[in-house]
Amino acid sequence: MSKVAGDPERAINGLISIAQLLEEPRLARLYTFVLREGEITIDDVVSALEIPRTTAYSDMGTLVDLGVLIRDEAKKTHTYSAIPVTLTADLDGDKYTVTPTLIEAVGRSSQDQDLALLLEKYGLGKLAAALTYVIPYADGEMSERVAARELELQYAFAIAILHALRDVVQDMDSVDPYFDDIRNARDHPAPAED
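How each quantity is defined
Residues numbered from 1 in each chain as written. Predicted model: local features only at pLDDT ≥ 70, side-chain atom pairs only at ≥ 80, totals over all residues. Heavy atoms only, no water. Helix = DSSP H or I, 4+ residues; strand = E, 2+ residues; numbered from the N terminus. Rg over C-alpha atoms; globule rule 2.2 N^0.38 Å. Patch = residues over 30% accessible without salt bridge, like charges linked within 9 Å, V, L, I, M, F, W, Y side chains within 5 Å. Areas by Shrake-Rupley, 256 points an atom, 1.4 Å probe, with all protein chains shown as cover. Salt bridge = Lys/Arg side-chain N within 4 Å of Asp/Glu carboxyl O. Lys, Arg positive; Asp, Glu negative; His and termini not counted. Charge placed at Lys NZ, Arg CZ, Asp CG, Glu CD. Buried < 20%, exposed > 50% of the residue type's maximum accessible area, 1.4 Å probe, protein only. Pairing = 2+ DSSP bridges. Axes fitted to C-alpha atoms, helices over the stretch in contact; angles between N-to-C directions. Parallel < 35°, antiparallel > 145°, perpendicular 65-115°, else oblique. Contact = heavy atoms within 4.5 Å. Nonpolar A, V, L, I, M, F, W, Y, C, P; charged D, E, K, R; others polar.

(A) Looking closely at the overall build of the chain. Summing up its helical and strand segments, the chain has nine helices and four strands in all. Order of helices (α) and strands (β) in the chain, N terminus to C terminus: α-α-α-α-β-β-β-β-α-α-α-α-α. In terms of overall size, the chain behaves like a compact globule, its C-alpha atoms giving a radius of gyration of 18 Å where 194 residues would be expected to give roughly 16 Å. Oriented by its inertia axes, the alpha-carbon framework of the chain measures out at about 60 × 45 × 30 Å.

Take a look at the structure:
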């Protein structure tokens with residue numbers, strides 16, 4: 001039996017929206033761009049992201065339909081703004097919160113070969129885990145060597161991932177209202193193996 005708190009229809013639709021953002025890097029990139037920029041127009045999107053106008057209209061419409069963007073039609077030129085999203089998954093006490101920072105990392109995979117390879121080869125879970133080590137690394141609380149070792153990837157590849165995600169963390173720290181909800185590897189060490 002499921003436990004219901006609040007509006008289950010809204011919650012499930014939100015889950016589906018976040019899942020789609022995590023599956024489609026182009027939409028993820030566009031969503032976090034709007035979140036970082038605040039109120040924008042289609043012209044802003046086309047100019048900054050260098051995408052065709054028809055693609056911008058289509059993708060912005062998709063994000064509005066998903067409920068993660070708001071279109072303000074009060075002005076002649078419509079403006080768009082993002083709704084910060086969050087989703088906390090709890091599986092037998094193991095919790096992880098998806099925030100716009102993870103969505104940004106997925107969005108950057110369309111522009112960053114290392115992030116794309118990480119997603120292709122190891123999946124979204126590994127990307128989320130990598131973010132937990134990048135936070136203390138970016139804050140100077142964990143050395144690059146330790147963070148790379150903890151990722152359990154080939155060392156040079158781990159370093160490349162740390163550098164790519166450090167930029168994500170630094171860009172999203174002040175924009176993501178749920179940034180503090182991202183699990184930090186320093187705060188939640190892995191359980192000791194027997």
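Further notes follow.
(B) Geometry of a negative patch on the surface. A cluster of like negative charges, contributed by D139, E141, D173, D180 and D181, occupies part of the molecular surface. If you trace the backbone, E141 turns up in the loop between α7 (124-138) and α8 (144-150). For E141, a relative accessible area of 42% translates into the label partly exposed.

(C) Structural detail: the pairing of strand β1 (residues 69-72). Where β1 meets strand β2 (residues 79-82), four bridges bridge the pair, whose relative direction is antiparallel. What sits directly across from L69, in β2, is A82. Taken together, β1 and the strand that follows it, β2, pair antiparallel across an intervening segment of six residues.

(D) Region of interest: the packing of helix α6 (residues 113-122) against α7. Orientation of α6 relative to α7, taken along the N-to-C sense of each, is 125 degrees, at an axis distance of 7 Å. Judged by the angle between their axes, α6 and α7 are oblique. Facing L115, L118, L119 and Y122 of α6, the residues of α7 in contact are L124, K126 and L127. Split into classes, the residues belonging to the contact of α6 with α7 amount to six nonpolar, no polar and one charged.

(E) Broad picture of the environment of L27. Mapped onto the elements of the fold, L27 is located in helix α2 (residues 25-37). Separated by 79 residues in sequence, L27 and V106 place their C-alpha atoms 9.4 Å apart. Excluding its chain neighbours within four sequence positions, the residues that come into contact with L27 are Q20, L21, D59, T62 and L63.

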